[in-house]
Structure formats: C-alpha cells, structure tokens
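Inside the fold
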Amino acid sequence: MPHSLPSSPKSMPREGGNGITKFTNCRILKGDQLVEEDLWVDSITGKVIRSQAAFYDDLNLPDQTINLGGRILSPGFIECQLNGAFGFNFSTLLEPTIYAKKVKELNKRLVQTGVTSYIPTITSQTGDLYKTALPHLGPSGPTQVAEDGAESLGAHVEGPFLNPTKNGIHNADVLLQAEGFDDLEDCYGSSNINPGKNGSRPAIKMITAAPELGNMTALIPQLTRRGITYSIGHSEATYEEASAAVAAGATMITHLFNAMRPLHHRNPGIFGVLGTEESLPRPYFGIIADGEHLHPTTIKIAFNAHPDGFILVTDAMHMVGLPDGAYQWTNGDCTNRIVKKGPKLLLEGSDRIAGSSITLVECVNNFLNWTGASIPQALKSVTSTPAAMLGLQGQKGCLEDGADADLIVFSESQSGGHVELVVDEVWKFGSKVFNRTASA
Amino acid sequence: MRLIIRDDSQAASTYVANYIIQRIKHFNPSPAHPFVLGLPTGSSPLGVYKILVEKYKAGEISFENVVTFNMDEYIGIPRDHPESYHSFMWKNFFSHVNVKPNNVNILNGNAPNLEAECVEYEAKIKRAGGIDLFLGGIGEDGHIAFNEPGSSLASRTRVKTLAYDTILANSRFFDNDLDKVPKMALTVGVQTVLEAREVVVIILGARKALALQKCIEQGVNHMWTLSSLQLHPHPMIVCDEDATLELQVKTVKYFKSIEQVARTEGFEQILPSTIRTGATPAPKPLVDIQAPTSPIAQSPTILAPQPTTSRLLRPRSPATEYPVRAVSPDLVPDRMADRIGVPDISRRLTPMPEQQRYASVGA
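These numbers come from a predicted model, not from an experiment.

On to the overall build of chain B. When you go through chain B residue by residue, the secondary structure sums to 13 helices and ten strands. Sorting the 363 residues of chain B into buried and exposed places 47% on the buried side. For chain B, long-range pairs separated by at least 24 residues make up 78% of all intrachain contacts whose partners lie at least 6 apart in sequence.

Another point: the UniProt feature "domain: Glucosamine/galactosamine-6-phosphate isomerase" (unreviewed entry) in chain B. Per the UniProt record, "domain: Glucosamine/galactosamine-6-phosphate isomerase" (unreviewed entry) is annotated on residues 8-222 of chain B. Between the first and last C-alpha atoms of residues 8-222 of chain B the distance is 29 Å; the span itself is 34% helix and 15% strand.

Residue and element names in this part refer to chain A. The four strands lie next to each other as β19-β20-β21-β22, forming an open sheet whose pairing is antiparallel. A single partner strand is all that each edge strand has here, and the edge strands are β19 (325-331) and β22 (353-356). Pairwise comparison of adjacent strand axes, ignoring direction, gives a mean angle of 35 degrees for this sheet.

Here we come to helix α2 (residues 46-57) of chain B. Structural remark: α-helix, 3.6 residues per turn; residues separated by three or four positions point the same way. Residue and element names in this part refer to chain B. Compared with an ideal rise of 1.5 Å per residue, which puts twelve residues at 16 Å, α2 spans 17 Å between its outermost C-alpha atoms and is within 8% of the ideal. Residues V48, Y49, I51, L52 and V53 constitute the buried set of α2. Contacts made by the buried residues of α2 are with α1 (9-27), β2 (35-39), α3 (85-92), β6 (133-136) and β9 (199-203). Phi turns positive one or two residues past the end of α2, at G59, with a value near 80 degrees.

Contact residues are listed per partner, giving 16 residues for chain B and 14 residues for chain A. Together chain B and chain A conceal approximately 1200 Å² of surface at their shared face, both sides included; 56% is due to carbon and sulfur atoms. Per-residue buried area on chain B facing chain A is highest for R79, W90 and P101 of chain B; these three make up 53% of the total on that side. Taken together, the links from chain B to chain A amount to two salt bridges. The partner of D57 of chain A in a salt bridge is R79 of chain B, and the shortest N-O contact between them spans 2.4 Å. The tally of links from chain B across to chain A stands at six residue pairs in polar contact (both at pLDDT 80 or more). Across the side of chain B that touches chain A, the residue classes break down as seven nonpolar, five polar and four charged.

Low pLDDT means the predicted coordinates in that region are not meant to be read closely. Counting all residues, the mean pLDDT for chain B is 83, and 73% of those residues have values of 70 or more. Within the model, pLDDT remains below 50 along residues 291-305 of chain B, and this stretch shows twelve contacts once partners closer than five positions in the same chain are excluded.

With respect to the helices and strands, S74 of chain A occurs in strand β7 (residues 72-75). Once residues within four sequence positions are removed from consideration, S74 of chain A is found in contact with L29, L379, T383, L399, D406, L407, I408 and F410 of chain A.

A few words on the packing of aromatic side chains. Applying the stated criterion to the full structure yields 29 aromatic pairs over all chains. Taken together, a centroid distance of 5.9 Å and an interplanar angle of 45 degrees make the contact between Y74 of chain B and F146 of chain B tilted. A residue pair is termed long-range when its members are at least 10 positions apart, and Y74 of chain B in strand β4 (residues 72-74) and F146 of chain B in the loop between β6 and β7 (158-161) qualify at 72 residues. Here the aromatic rings of F93 of chain B and F94 of chain B are separated by 5.8 Å at their centres, their planes lie at 50 degrees, and the arrangement is tilted. Its relative accessible area of 1% is what places F93 of chain B among the buried residues. Judged by relative accessible area, which is 1%, F94 of chain B ranks as buried. Site record: aromatic cluster; members linked through ring pairs are W40, F55 and Y56 of chain A together with Y49, F63, F88, W90, F93 and F94 of chain B. Over the ring of F429 of chain A we find K428 of chain A, and its NZ or CZ is 4.5 Å from the ring centre.

Turning next to the environment of P142 of chain A. Residue and element names in this part refer to chain A. Along the chain, P142 falls in the loop between α3 (127-133) and β12 (151-152). Judged by its relative accessible area of 34%, P142 is partly exposed. C-alpha separation for the pair P142 and S200, spaced 58 residues apart in sequence, amounts to 9.9 Å.

Residue and element names in this part refer to chain A. Under the UniProt annotation, "binding site: substrate" (unreviewed entry) lies at I169, N258, A259, R266, H293, I353, A354 and G355. With a sequence span of 187 residues, these residues are also far apart in the fold, their greatest C-alpha distance being 30.1 Å. On the secondary structure map, N258 appears in the loop between β16 (252-253) and β17 (284-288). Once you skip the residues sitting within four places of it in the chain, N258 turns out to touch I288, H293 and L294. Within the element layout of this structure, G355 appears in strand β22. Assessed through its relative accessible area of 7%, G355 is described here as buried. The residues contacting G355, other than those within four sequence positions of it, are H293, D315, M317 and L345.

What follows is about the UniProt feature "active site" (unreviewed entry) in chain A. All names here are of chain A. When the UniProt feature table is mapped to this numbering, "active site" (unreviewed entry) covers D315. Considering the arrangement of structural elements, one finds D315 in the loop between β18 (310-313) and β19. Of the residues examined, D315 reaches a relative accessible area of 7% and is grouped as buried. If sequence neighbours within four positions are ignored, D315 has contacts with Q81, N83, E158, H255, I288, H293, G355 and S356.

Cut-offs used in this document
Residues numbered from 1 in each chain as written. Chains lettered and ligands numbered in written order. Predicted model: local features only at pLDDT ≥ 70, side-chain atom pairs only at ≥ 80, totals over all residues. Heavy atoms only, no water. Helix = DSSP H or I, 4+ residues; strand = E, 2+ residues; numbered from the N terminus. Buried < 20%, exposed > 50% of the residue type's maximum accessible area, 1.4 Å probe, protein only. Contact = heavy atoms within 4.5 Å. UniProt positions renumbered as here; feature names shortened; annotations may be inferred. Pairing = 2+ DSSP bridges. Axes fitted to C-alpha atoms, helices over the stretch in contact; angles between N-to-C directions. Expected span 1.5 Å × (residues − 1). Buried area = accessible area lost by both parts, 1.4 Å probe. Salt bridge = Lys/Arg side-chain N within 4 Å of Asp/Glu carboxyl O. Polar contact = N/O pair within 3.5 Å; in protein donor to acceptor, adjacent residues only side chain to side chain. Nonpolar A, V, L, I, M, F, W, Y, C, P; charged D, E, K, R; others polar. pLDDT = per-residue confidence, 0-100. Phe/Tyr/Trp six-rings, centres within 6.5 Å; stacked < 30°, edge-to-face > 60°. Lys NZ or Arg CZ within 6 Å of the ring centre and 35° of its normal.

Here you go:
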C-alpha cells in the first residue's frame, strides 16, 4: 500500500514518560557474540538509542527498566521468503480493501512469531494478480506504527521469469521470458517496479528469476539500479551462467539446492558461485531448514561454504498454523490444491514439495541442532545477514545505535544436547507487541 | 593516615566499596542533602565500581541522592570516544546504577573555554557543598588525578599537559599510535582533592609499590603528589599486599596492628560525626513559624573543619583566585646580611666576624 503520510511517532509513551526502555541483565547479539550489555530503546523514535548520549546530553533516564534475567535479546527476524500465513496467501486475487485487511491481519499475527519485518513473496502468477496485489505489499515507508505488527520491506516476486524445467510447483503455463525491461514492466506493472515520482521505493524489493532465459542477465543492472535485489532461482543455469549473473549484480540465490541443478563435480552449477573466487563477490543464499527440502548435512555444507551469506528462510505457505487437510491455492491461471500433512506440504496428486509450513524460529532451532552452529551464528542468518542482503545494514537486523528497535527476547532451553530458543517477547519500534506468558 | 592492607586486590576493592556504602548509608542523603562523591577512572578503581554495581543491583545501596564529581578528562577527543572518561564512567558505573544524570559532573574536555570550564567546576563543587568523599587511584609515579610529578600541591582544577611517560602508557588504548593519544587533560588540582572532607585512595599491585612507599614513608613532595595526603586530616589508603613490597616491615606491621587493635577493642577508626553525616539540616521546631528562608540556610554549607593544608597554604597561595598563571617572581636583591637583626650591619663593607657570630646567636 503506497503511503504518503509524514513520519509519525511510532507510539505514544505513557503519561509524562519519555518512552525510553532500558533492557538490563541480558545477552545481546553483537556480531558473532552474545555480549552482556544494556540496551536502550526509544518508543517515540522507534530506534535503538545511544544510551551514553541520552544520559549526558539529554539528561534522560529510562522510563522503565526491564531485567531480562540473563535471557537473549536479539534483533527481530527478517523473513525473505514468505508466501502467506494464517490462512492468507499473498498470491490471491481479492478486492483491494479485503486484500489490505488480510495483509493487516497477517502482519499482526506474524509479528508474534518473532518476524518483525519480511518481504512478502508472490509465486509465478498472471499480470492481473501482480498489478492488484503488489501495491499492498510495498515497503511501509514512513508510516511505522508498532501496533501494526510485522513490517513489509517490499515484495519478493518469485517468477514468472523462471525456467519451465525447474518450475517446482509453479504453473509452467504462466512462465515468461524477458527480452527487455519493458517485459518486466508489462508483467509487474510499471509503477510497482519503478521508484515513485517523489522518490519513494518501488513495491518490489526482490526478483527471483532464471538468468539463463531470454535477456535476463543483461537486465540485472537495471534492477539493482532501482534498489531491487536480483536473486537466482528456479533455474537451469550452469556455473558459468550463474557466475555471469553474479558479475552483472545478482546478490542472492533463492532456496539454494531446490529448483536448480544439483552440484555436479564437472559442472558445479549455481552452488559453484559460493566457492571462493576472488574476482566476484559471493552472493547471499536462502536455505529452507524444515527437514523436508534439504538434508541437514547439505545445510551444513552450504553454511560452511559461505557462512556470511547464509540466510534461513521458511518458504512457508498460508497453511502455517492451520490443521491438516487440502487447501486451495491460486497457481497462475488455475487453482490447485495443496495437501498439508503435519509439517509437510505436497501439491495434490504429486510428490512435489509445495513450500513449507514452518515458522522461522523453528528453522533457527533446526539449524542449531543439526549443525552445532552457535546461537549468534544462527541468529545472524535471520537478522543481520538478510538485512545486509537487502541493503538495510544498520537499520534492520542489528542492535546498533540508530537501528530500528525491533527486538526479540528469547529464553533458551537445553535438554540432552538439544537447544531450543523460545520467543518470549517481541518488540517493534521500541514497543512491546507480544508477550508469550500474557497470551498463553 | 589510615592504611588498610588486604591480601589481594579483590579484598581491597571490597573493603573500599563497603566503606563507601557505609559512608553513604550513614550520611542518609536526601535530595536537599546529597552525598557528594569524587570519582576516579583507571584500572585501580574498576574492582570498586564492579562491587558497587553488584551491591546496587542487590538493593543494598541507592545512588539516587549521590552527586558525583569526576577527577579528570582528556582534552580534544570526542566525549563519546571509547577511551574518554565519560565513556569509562558510563560503561563501568553510571549505566548500571541509579545516579541521576543531572547529579553527574565530569569536566568537559571539549569546552570552548577550558579555563572557564575549570573555574566553573570548582564553583560547582562549592555549590554542592564540597566533596564528602573523594575516591582516588594513583599512577606509578604517585600522581593523583592528572597531577603529574612536579604539580603544585596548591593546584586547583586546570589544564594539564601530560607527562611523556603517561602519554606512552596511554598509547596502548589508542592503537599504539602516539599521535592519537591526547596530550592534555583537565584535572582537579591537588588542593581540590585535599579539600574533600575525606580522601580514600586505592592502590593495587607491585607496580605501585614505590609510589606507596614514597607517599607513606617519605615526606610531602611535589614529585609524588599523593604524598600531600599526609596533610589531610582524614585520609585513608587501601592497598593489597603487592603494593606494600617497598614498605618497611615495621610500617606494614604497624598499620596492620592499628587496624587489629581497633577491631578487637571495638574502637573503629571512625570520623567525627560532622564529617560522617555532613551538614545536617537544623531540626524542625514543633511549632512551625513561617520565617522567611534565607538562601544561605537552604544551601548546604561546609560545617566540617577545614583540612589543615588549606589553612597552611591558603594565606600564601594565590591559587584560590583562579586563573593565575605561574609567573617568575620579580628579582628582589637579597643578602644574608639583610636578614641578620644587627642594625647597620648592611652598611659595612666587611662585616666584623665577632659581631656577626654574636648577632646570629641572638637572632
């Protein structure tokens, strides 16, 4: 939804207060470590503040001090591949008002899982759906209200410029090839892919496309110039083609290993670009750690290949949080049904995986237990790494001074070598929006 | 002088922290009658701050009505530089306790007029009613605050150029780059410290042993500025065993026995009550008569006896009126003969030896 409202206070502090909260007795995520440090956040500006300056300059003391009893304080999660949740799928053709309402509902519930910002993902669809849905999925811009819940950082269009032989469950009939930039504009709608006249960011933040098709690799610089991340995915690209795409500005790989050629010893394929090649920056890559899409060892290999590019994503469908059964799904020009059986989603009548129904914190816990990675490493893959991928370093995914005060309080349970992080509290723009004990 | 010796640095720090807490508690500070605490930076007091923070978090002490004055600050590095003393105090103490930001006073090393900043700092201390307890540490050369060897023992808050030794030692905090180390600092003077009602100094480690020896066993000397503490009526030095390495066995045993005897006899080395409680407000009459309150009565005044040094030094020292720069005194011709109380002696070209001897005996 395009916004033109001026920047407003994120929330109003309690009577007479200055809106400053101090977290103490906590371990906060800083780089590769959990450090015992206090954190000050301001609910009026919605930012993490320099406590020292607030004290010496503004003579401010916190309104409230929260003793976290040694728990972990992490930046809020950033989800880079979410197709829908709580019964709502972003790839649905609806009346604009109803669609907007559904997105709003989803945001409020999504934030309770620890995801404070995300890029809503639309699978391969026809042009009509993009033009209707995308205006609702753009970055929330200056209107940032804590009570609205999770915040969109812009939409992720996964398709339709995908390779028909690696379509996964996407409807092969709607897949396209792009020869020029106007093909992209025609498909998504010019206003969704170009910055607004007032300099506002376009609705689309990331495009997943196969670089080997049509003229796609040559179009990558035009996308990155608009601040749009190009991600390689659903592709038959060889190592050479993938390298060319990276050289052209591709900085991401959509669900690595899934819907692409496997690593072959004579042609390493897309995975090969994660090898150290000094001439090229290595791209970031998404990994679905749901136990269905990838074997745990594969995840470990990918992580060790390029730890700083490792991003955990869910690829979750709207069946997250719904009971088992068959659910309708708009797939291009037809409607399919997806069967949910436990955590597993399959396209009806096939054995194709149809996304996941896992939450991001579950992915983090899986990753922790499968790979023996440290908690900071696991948290980085859903906070600072995706923020860097989206060009939002220092603003999202970190607890530096001046960053948005999106936070998660974790308690940590360890039993028999099994580690589990539990989302206790979620804070958005310096205000508490979820408390596990209160909602239980 | 009280010299408290503890087995290790932890025990010494604990002693100091507990002592400060006891003093604050006994003082019973209120917003109108705050406890004024002077604070140092550096490695020696770190342990003390740590324990104070622990005790605060355990609810044993509140710093709500404590006013703090810091000893010194570098000139020319940003206030929030990680090595600034503002940052040190924030990181190690203020951020963990309930000191109110407007009760915190630290010299501003980036003030447009540094001299005015120093004068104002002295005035602020006066307005706060003087410092009740000044906690200090020392350097290996026996300096207290940035009063390097050779500083005037009558000095007040001022700009100080750092000794080359100090710059070298500090370079480890500035990427070992001498150019990045501040060359100047603002510091309270020796006199400022001595005017506190009580001075507590913590000295830890073998490297400080010589300095401790100079300050305890030798005379007052501006080359070891801490030795000026000998002129203070209520000084206390707390050290660990390592710091006593240069002291005579006799000295160590003496101070240990004092403490031992005091404890067994139940005679603690306590301060006069006026110093312990500061200037207490006058007791309220039962019948409240609406009298116009004078501004003097509202502001806390120093009722405690003035330290000896201030009496010794004040008449001759021009330092009370700042700023005064050190100037070479005018050359006054002076002969020994002028000082001998024999009339007409100065007129003689060749003094008579017998008479001179006679005169000097009588003088």
